Amino acid sequence: MATAVIDIDFEQIPEQLSGLHKYTKALVLVRLRGRPIGQSTFTITDGRICGTELRDRLLNIGAMPYWEQYLHDYLAWDPAHETGFVPPTATIAICTRDRPEDLARCLQVISRLPDTGQEVLVIDNCPSTDATYDIVAGQQGVRYVREDRPGLNNARNRALRESSHEIIAFVDDDAAPDPGWLAALLQNFEDPLVYCVTGLTMPLELETDAQEMHERWSPFGRGYKRRVFDGVHVNPLAVGQVGAGANMAIRRRVLAELGPFDEALDAGTITRSGGDTEMFTRILINGFRIVYEPKALCWHRHRRTWKELRQMFYGHGVGVYAFLTRALFIQGELDSPKIAWDWFRYDQLPLLVRSLFGRPSSRPLDLILAELRGCLAGPWAYRTSRKNSGRIQR
Amino acid sequence: MIAKDHLPFISVIIPTHNRRASLERTLRALGRQSYPFDLMEVVVVADGCQDDTSEMLRAYAGPFRLCILTQPQQGAATARNYGAATAGGSIFIFIDDDVEPVPRFVEAHVSAHRTGKGLVGMGNLPVELACRTDFFSLLLRSWWANQFQEMRKPSHRFLYRNLFSGNFSLEADLFRKVGGFDPSIPRREDYELGMRLMKADAKFMFLPNAVGYHHEVADAKGNLTRAYQEGRGDILLGFRHPELRPTFNLSRFQEVSNFRSRIAQVLAFKYNALGDAIASLLCRLLVVLERLRLRSLWQRIFQGLRTYWYLRGVKDELRTRMGLIKYLQEGPAHSQPDDVEIDLDLSQGLELAEHRLDEERPAGARISYEHNVIGHLPPQVGAERLKGAHLRAVLATDLAWPFLRTLIMKQAVEPLGPKFNIPTIFRR
């Protein structure tokens, strides 16, 4: 069972979609002039999606944005460009570790982005071979930096230090940014209090059960509405809706003003994730802002095997609890246990109950248990990881 | 560096009160300006200073002419007027003693004034916190940032309360014509001047490059005192300009039925001895909540206290709740005799309509397309008259759907393929 991922422009809706015999379902991303405006899932029968159904549903999604866009064109008025803001130049940073094929594909996509003077930086994190170096050496205009201390957050910090520009846009090595991605991220840095911009992440493919379940129960996308998270108005610890580190741009000055990414967190350490979440929280705690910008589209290839998926859920549990532990004990945020409780009470527990009673379309039990096991391991993992990284940070 | 020919002589006027170090930082920053120093003077008015401000000023050697005035403490408005009376420039730039201008600050103000007469240049005043991260400071910085983010848009319709006395400039003649600051309205003297400038049809303009970093040092407790003074100030402002009364948040106080503001009202107007005691307890609680990092509770209590102290200020001016109701009801007829409204027909093209707004600067407009009414932009109390730059943004937001419906009805839009059936909402 697999799901086809289809990208359709609202102004060119095809009469019908056929030749999809491999798939039982289709996830359609709808765009208007390249801008993502919505998504919908279709059932495929006999390798086809019926044209009427496709049109009806896409019209539902696209009618309002279409007319709004029409009006803006008629008026030659664009809210995003009203003030004549000229976006800054950026550095694109790819943090990678022993995934040369993925990286090669990623670099190829990035080389096709419109040139606005951006710098491309590959941070090779604690490599076991020279494969990554060899790939980067063959690429024009890509800078290679080796970071020998393992850990995604070490690599991110290195990227901030090495960058030649004030804004650093991070891409995962298993991701493929859309042509308008970088410009869409940068447009949001006009407000000097915006320290981070996150984008919309969509699945590159949904070929296996694991990938489908990933997209279903832990999607990276956060909807099609731009949102501004202001640290003085939202709870800085509840950052689930902000976005993900797989598609984010941040100002270099966070390094000097708010401190580096916490080396005890995220991939490559025993806490496995949570490094991006923790940085979002720190930005908000200090009264700065994060923008979620759905125009900044990036495609991400989810892990293919069930084992990797289970590990991801486990890692998510560890990371969130590690981050909450840090918030409570290092930053003294007394709200932290309440966030953990709310997550359990309003999300994890209902899912667990549904799954135990075998309700239809409930989350697979092993994924839920993996996440819960991760949560239990989180606080201790953070303690150990801090000892390992052996450095006290803010 | 700009060409020196025909540049005006300007005066930077700074009122100060017991802030020697901060003032020195302001003066140092003024000593680094790109504007020719022989064409600028700095007038400092020491308002009842008891620290060593005077010694510092006498010893100060800057590249510009420094004029030092002193007065017994009478408030910033009087000090600014005194400074203006002595100043010799044809343009006045007012800044506060906690503002640190960037090197092109004066240049940015002057460049704006060279584009036309009768202009009021609003400088950019971002808050600089220098590592302070207490809840109140962050809230304050966010508030200021939003103000300037809004004013930055070309379509922004300026209001009398967009005038912030910490960083703005105007022609000396205009300042004298409207009569300077009114010192009898403490804490609201800038809004009050903004209102008279609005009535004088001054052209308000935001100057994003005239940046002065605002080294704000207020804390939550000080801000509550300020809320009290603002309550009094608003009432006095409403005596001076009765037409402003409906624009105050206060004007909806009877409709606001949430529990906390009800309590604040009853305490402020009836039992204010009890109210003050509770408020001072809660104020101490704020400190505890901040230490426990319980943000949302802190914010709710802080906003409640602000409401309370604001109403206490109102009470001290008007005595009773009935007095307040009467005060608001005595608000004036909304439109003024010279409030011209025009009929604006968009069928001749948007450029023409914009041009007409720029030429006539009406207070309001009834917008139509041929004979179809699209909407009404009524005259707005305390706001600038309409101009061309307002039009497209209003049509794209507030009037979007009626405008689009009219366009479709009139078939002013290109014929649409069958693919895009007009949604029912537009066919009504």
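Just above, that's the structure.
How each quantity is defined
Residues numbered from 1 in each chain as written. Chains lettered and ligands numbered in written order. Predicted model: local features only at pLDDT ≥ 70, side-chain atom pairs only at ≥ 80, totals over all residues. Heavy atoms only, no water. Phe/Tyr/Trp six-rings, centres within 6.5 Å; stacked < 30°, edge-to-face > 60°. Helix = DSSP H or I, 4+ residues; strand = E, 2+ residues; numbered from the N terminus. Buried < 20%, exposed > 50% of the residue type's maximum accessible area, 1.4 Å probe, protein only. Lys NZ or Arg CZ within 6 Å of the ring centre and 35° of its normal. Pairing = 2+ DSSP bridges. Axes fitted to C-alpha atoms, helices over the stretch in contact; angles between N-to-C directions. 1 Å grid on protein atoms, 1.4 Å probe; cavity = no way out; pocket = protein on both sides within 12 Å on 5 of 7 lines; lining within 4 Å. Points joined across faces, edges and corners; volume = space filled by probe spheres on them. Nonpolar A, V, L, I, M, F, W, Y, C, P; charged D, E, K, R; others polar. Core = buried A, V, L, I, M, F, W, Y, C linked by side-chain atoms within 4.5 Å. Domains from an automatic or database assignment. Contact = heavy atoms within 4.5 Å. Salt bridge = Lys/Arg side-chain N within 4 Å of Asp/Glu carboxyl O. Parallel < 35°, antiparallel > 145°, perpendicular 65-115°, else oblique. Left-handed = near helix turned anticlockwise from the far one by under 90°.

(A) Representation of the packing of aromatic side chains within the structure. In this structure the tally under the stated criterion is 33 aromatic pairs over all chains. The interplanar angle of 15° and the centroid separation of 5.2 Å between the aromatic rings of Phe94 of chain B and Phe168 of chain B together place this pair among those described as stacked. With Phe94 of chain B in strand E4 (residues 91-95) and Phe168 of chain B in strand E7 (residues 167-171), the pair connects residues that are 74 residues apart, well separated along the chain. Taking relative accessible area as the criterion, Phe94 of chain B reaches 0% and is therefore assigned buried. You can call Phe168 of chain B buried: its relative accessible area is 0%. Measuring from ring centre to ring centre gives 5.4 Å for Phe135 of chain B and Trp298 of chain B, while their planes differ by 75°; the resulting arrangement is edge-to-face. You can see Phe135 of chain B sitting in helix H5 (residues 135-151) and its partner Trp298 of chain B sitting in helix H11 (residues 295-318), a full 163 residues away along the chain. Per residue, the accessibility class of Phe135 of chain B equals that of Trp298 of chain B, and both read buried. Through a chain of ring-to-ring contacts, three or more aromatic side chains come together here, namely Phe92, Phe94, Phe168, Phe175 and Phe181 of chain B. The ring of Tyr346 of chain A carries the charged tip of Arg345 of chain A above its face, separated from the ring centre by 5.0 Å. Sitting over the face of the ring of Phe181 of chain B, Arg80 of chain B holds its NZ or CZ atom 5.2 Å from the ring centroid.

(B) Structural detail: unusual backbone geometry. Residue and element names in this part refer to chain A. With phi around 50°, Cys126 is a residue other than glycine that occupies positive phi space. Structurally, the position occupied by Cys126 is in the loop between strand E5 (119-125) and helix H3 (131-137). Accessibility expressed as a relative area gives 23% for Cys126, which makes it partly exposed.

(C) Region of interest: the sheet that holds strand E2 (residues 25-32) of chain A. All names here are of chain A. Across the sheet, three strands lie side by side as E1-E2-E3; this open sheet has mixed pairing. Of all the strands in the sheet, just strand E1 (3-9) and strand E3 (35-43) have a single pairing partner and so form its edges. Taken pair by pair, the neighbouring strands of this sheet meet at an average axis angle of 20°, ignoring direction. For E2 and E3, the ladder comprises eight bridges, and the chain directions are antiparallel.

(D) Structural view of empty space enclosed by the protein. All names here are of chain B. Under the definition given, this model contains two cavities of 30 Å³ or more. Here the largest cavity defines a volume of roughly 60 Å³. Elements that contribute at least two residues to the lining of the largest cavity include exactly H5 and H11. Counted by class, the lining of the largest cavity contains four nonpolar, two polar and one charged residues.

(E) Region of interest: the nonpolar core. Ranked by size, the top nonpolar core spans 108 residues in total, and within it Val12, Leu27, Val120 and Leu197 of chain B carry the most contacts. Per-element tally for this core: the top contributor is H11 of chain B, with 10 residues. Among the domains, domain 1 (10-217) and domain 2 (221-329) of chain B are the pair contributing at least three residues each to this core. Once you skip the residues sitting within four places of it in the chain, Leu197 of chain B turns out to touch Val120, Leu163, Leu170, Leu174, Val178, Ala202 and Phe204 of chain B. Ile13 of chain A together with Leu357, Leu377 and Ala400 of chain B belong to the second-largest nonpolar core, a separate cluster that totals 49 residues.

(F) Looking closely at the pattern of salt bridges. Per the counting criterion, the structure on display carries 67 salt bridges over all chains. Put simply, Asp276 of chain B and Arg312 of chain B hold a salt bridge, and the shortest N to O gap is 3.0 Å. With Asp276 of chain B in helix H10 (residues 272-291) and Arg312 of chain B in helix H11, this pair connects stretches of sequence that are 36 residues apart. For the salt bridge of Arg312 of chain B with Asp316 of chain B, the shortest nitrogen-to-oxygen distance reads 3.0 Å. Of the two residues, Arg312 of chain B and Asp316 of chain B are both situated in helix H11; the distance of four residues between them amounts to about one turn of the helix. Accessibility classification places Arg312 of chain B together with Asp316 of chain B in one group, the buried group. Connected through salt bridges with shared partners, the residues Arg99, Asp102, Arg105, Asp173, Asp174, Arg301, Arg303 and Glu308 of chain A form a single ionic network.

(G) Inspection of the packing of helix H8 (residues 220-240) of chain B against H11 of chain B at higher detail. Residue and element names in this part refer to chain B. Where H8 meets H11, the axes come as close as 7 Å, and the angle between the chain directions of the two elements is 40°. What the angle tells us is that H8 and H11 run oblique. As H8 packs across H11, the resulting crossing turns out to be right-handed. Note on element contacts: H11 touches H8 through Trp298, Phe302, Leu305, Arg306, Trp309, Tyr310, Arg312, Gly313, Val314, Asp316, Glu317 and Leu318, opposite Ala220, Asn223, Leu224, Ala227, Tyr228, Glu230, Gly231, Arg232, Asp234, Ile235, Leu236 and Phe239. Partitioned by chemical class, the residues of the contact of H8 with H11 number 14 nonpolar, three polar and seven charged.

Just distances and angles here, no functional claims.
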